[in-house]
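# Chains, contacts and geometry: an overview
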Amino acid sequence: MERKEIVEVPGGDARITWFPARRARLVLALGHGAGGGIEARDLKAIAGGLPAHGVTVALVEQPWRVAGKKVAPAPKTLDTGWRGVWPALAKAGPPVVAGGRSAGARVACRTAVELGAVGVLALSFPLHPPGRPEKSRADELLDAGVPTLVVQGGSDPFGRPEEFPDGPYELVEVPFGDHGFAVPKKAGIPEAETLGTITGAVTRWTAALRE
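These figures come from a predicted structure and were not determined experimentally.

### Describing unusual backbone geometry
You will see that Ser 102, though not glycine, has its phi angle at about 55°, which is positive. Take Ser 102: it is sitting in the loop between strand S5 (96-101) and helix H4 (103-115). Its identity is not glycine, yet Ser 124 carries a phi of approximately 50°, on the positive side. Turning to its location among the elements, Ser 124 is positioned in the loop between strand S6 (120-123) and helix H5 (138-142).

Right, here's the structure in full:
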């Protein structure tokens, strides 16, 4: 059964929605993007699938989202909110993997070593703004400092898989996926198959982390 927890952090209240595993060996904490919340299809799929594999999933909503605001604050503020939530994530007991989608992935990369995360899951990492490859954020990913999995849509305008530099991370491509992992109907790939690609990659990677 999922449960919700309000955590007071600098800037307001954050919210954690917990999806517990019966015998958890890891906690996978996932933040949302700058344009949406924890209802994103990939976050919901991971929260629904990973607990059966011994991974408690914690979906984290930043204070701006809990307060009902539509525009995300600056990256520094997002990092502060994530740091504030971390003690509540860590007190669950198992080692914590930091992660998130888009802006949430950037937060996880920037703070992983500092907070003691055992890995980073970067969903739809925004390598650059659409149409602006010269504005690369690759350094955030390359400097994460812990085992890292990137799950990236093959047609993501924020960075297609072939645009990513070589580095100390694993990258799994979601065929034809956009930034939200939506796949055009003409591709002939059911959404269930796309979500299975995502959850399968995360399940396999987290299992290897525990070995």
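Back to the text.
### Focus on H4
Taking 1.5 Å as the rise per residue, H4 with 13 residues should run 18 Å; its terminal C-alpha atoms sit 18 Å apart, in good agreement. For H4, the tally of buried residues reaches ten of 13 residues, placing the bulk of the element in the interior. Residues of H4 that are buried include every one of Ala 103, Gly 104, Ala 105, Arg 106, Val 107, Ala 108, Cys 109, Thr 111, Ala 112 and Leu 115, and no others. Phi for Gly 116, located one or two positions after H4, is positive at around 85°.

### Considerations on the pattern of salt bridges
Overall, the coordinates contain 15 salt bridges when judged by the stated rule. The partner of Arg 3 in a salt bridge is Glu 5, and the shortest N-O contact between them spans 3.9 Å. Classification of Glu 5 as buried rests on a relative accessible area of 16%. One salt bridge in this structure joins Arg 110 and Asp 79, with 2.8 Å as the shortest N-O distance. In this pair, Arg 110 sits in helix H4 while Asp 79 sits in helix H3 (residues 75-90), placing the two residues 31 residues apart along the sequence.

### Focus on the pairing of strand S2 (residues 12-19)
One ladder, built from seven bridges, connects strand S1 (residues 3-9) with S2; its direction is antiparallel. Looking at the pairing, Val 9 lines up with Gly 12 of S2. Between S1 and the antiparallel strand that follows it, S2, lie two residues; Gly 11 among them carries a positive phi value of about 100°. In the sheet, S2 pairs with strand S4 (residues 55-61) via five bridges, with the strands oriented antiparallel. Within S4, the position partnered with Arg 15 by the bridge is Glu 61.

### Concerning the layout of surface pockets
Estimates place the volume of the largest pocket at around 370 Å³. Around the largest pocket sit 23 residues that line it, and Gly 33, Ala 34, Gly 35, Ser 102 and Ala 103 are the ones nearest its centre. Elements with a minimum of two residues in the lining of the largest pocket: H3 and H4. Classifying every residue of the lining of the largest pocket gives ten nonpolar, seven polar and six charged. Looking at the second largest pocket, its volume works out to about 170 Å³. Along the wall of the second largest pocket there are 13 residues; nearest its centre are Gly 11, Gly 12, Pro 63, Trp 64 and Lys 69. Mapped onto the lining of the second largest pocket, the elements with two or more residues apiece are S2, helix H2 (63-66) and H3. Sorting elements by how many residues they give to the lining of the second largest pocket places H3 first, with three residues. Taken together, the residues of the lining of the second largest pocket break down into six nonpolar, five polar and two charged.

Here is what the cut-offs are and how they apply
- Residues numbered from 1 in each chain as written.
- Predicted model: local features only at pLDDT ≥ 70, side-chain atom pairs only at ≥ 80, totals over all residues.
- Heavy atoms only, no water.
- Helix = DSSP H or I, 4+ residues; strand = E, 2+ residues; numbered from the N terminus.
- Expected span 1.5 Å × (residues − 1).
- Buried < 20%, exposed > 50% of the residue type's maximum accessible area, 1.4 Å probe, protein only.
- Salt bridge = Lys/Arg side-chain N within 4 Å of Asp/Glu carboxyl O.
- Pairing = 2+ DSSP bridges.
- 1 Å grid on protein atoms, 1.4 Å probe; cavity = no way out; pocket = protein on both sides within 12 Å on 5 of 7 lines; lining within 4 Å.
- Points joined across faces, edges and corners; volume = space filled by probe spheres on them.
- Nonpolar A, V, L, I, M, F, W, Y, C, P; charged D, E, K, R; others polar.

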